[in-house]
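Chains, contacts and geometry: an overview
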Amino acid sequence: MTTTDAAGQTGPTSPDPAGTPPAGPAGVVTDHDRGVHGYHHQKDEHLKRLRRIEGQIRGLQRMVDEDTYCIDILTQVSASTKALQSFALQLLEEHLRHCVADAAVKGGDEIDAKVDEATRAIARLLRT
């Protein structure tokens, strides 16, 4: 939806009094327009998973404090790293399905920016 100002210029409408954001260029209002991130629908599961990873890290601290054998600590480091990588991959998938897909619906320069952003995030994950 667009409005026309006094100079005859058109632009997107502002949010209505009910708080609905303006539609994008394709006339579609998405979750992304409402400020909802891709991981939002899985937020509780993500927090549970991160708490479990946090417990693994605390376990590493305890192992060092208790002078546990080096290889046993390294095994736990590997498991913790794998858990974080798996979490990151799921978050990346949700970003692609939500944020990048939203940009694709809207078109224009936004899709290029989101693809570049995702590519840089993938590159960072590959370096770890």
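In what follows, the structure referred to is the one given above.
First, a word on scope: everything that follows refers to the structure included in this document. (Residues numbered from 1 in each chain as written. Predicted model: local features only at pLDDT ≥ 70, side-chain atom pairs only at ≥ 80, totals over all residues. Heavy atoms only, no water.)

Turning next to a nonpolar patch on the surface. Together, Leu47, Leu50 and Leu84 line one region of the surface with nonpolar side chains, adding up to about 220 Å² of accessible area. Counting through the fold element by element, Leu84 comes out in helix 2 (residues 70–106). (Patch = residues over 30% accessible without salt bridge, like charges linked within 9 Å, V, L, I, M, F, W, Y side chains within 5 Å. Areas by Shrake-Rupley, 256 points an atom, 1.4 Å probe, with all protein chains shown as cover. Salt bridge = Lys/Arg side-chain N within 4 Å of Asp/Glu carboxyl O. Helix = DSSP H or I, 4+ residues; strand = E, 2+ residues; numbered from the N terminus.)

The next thing to look at is the packing of helix 2 against helix 3 (residues 109–127). Running from N to C, helix 2 and helix 3 point in directions that differ by 165 degrees, and their axes come no closer than 8 Å. Of the possible angle classes, the one that applies to helix 2 and helix 3 is roughly antiparallel. The two elements helix 2 and helix 3 cross, and the hand of that crossing is left-handed. Contacts from Ala88, Leu92, His95, Leu96, Cys99, Val100, Asp102, Ala103, Ala104 and Lys106 of helix 2 reach helix 3 at Glu110, Ile111, Lys114, Val115, Glu117, Ala118, Ile122 and Leu125. (Axes fitted to C-alpha atoms, helices over the stretch in contact; angles between N-to-C directions. Parallel < 35°, antiparallel > 145°, perpendicular 65-115°, else oblique. Left-handed = near helix turned anticlockwise from the far one by under 90°. Contact = heavy atoms within 4.5 Å.)

Time to look at helix 1 (residues 43–65). Taking 1.5 Å per residue, 23 residues should reach 33 Å; helix 1 reaches 33 Å between its end C-alpha atoms and fits that length. Taken together, the buried residues of helix 1 touch helix 2. (Expected span 1.5 Å × (residues − 1).)

By the definition in use, this model includes 4 salt bridges. Residue Glu54 pairs with Arg58 through a salt bridge whose shortest N-O separation is 3.5 Å. Of this pair, Glu54 and Arg58 both sit in helix 1, 4 residues apart, which is roughly one turn of that helix. In this structure Glu54 comes out as partly exposed when scored by relative accessible area, which is 45%. (Buried < 20%, exposed > 50% of the residue type's maximum accessible area, 1.4 Å probe, protein only.)

Turning our eyes to something else, we now look at unusual backbone geometry. Of note, the phi angle at Asp67 is positive, near 55 degrees, even though the residue is not glycine. Secondary-structure assignment places Asp67 in the loop between helix 1 and helix 2.

As a further point, take the environment of Val100. Note on placement: Val100 falls in helix 2. Linking Val100 and Ala118, residues 18 residues apart in sequence, is a C-alpha distance of 8.1 Å.

We now examine the packing of helix 1 against helix 2. Look at helix 1 against helix 2: their axes get within 10 Å of each other, and the N-to-C directions meet at 160 degrees. Relative to helix 2, helix 1 is oriented roughly antiparallel. Seen along the crossing, helix 1 lies across helix 2 with a hand that is left-handed. In terms of residue class, the contact of helix 1 with helix 2 is built from 13 nonpolar, 6 polar and 3 charged. (Nonpolar A, V, L, I, M, F, W, Y, C, P; charged D, E, K, R; others polar.)

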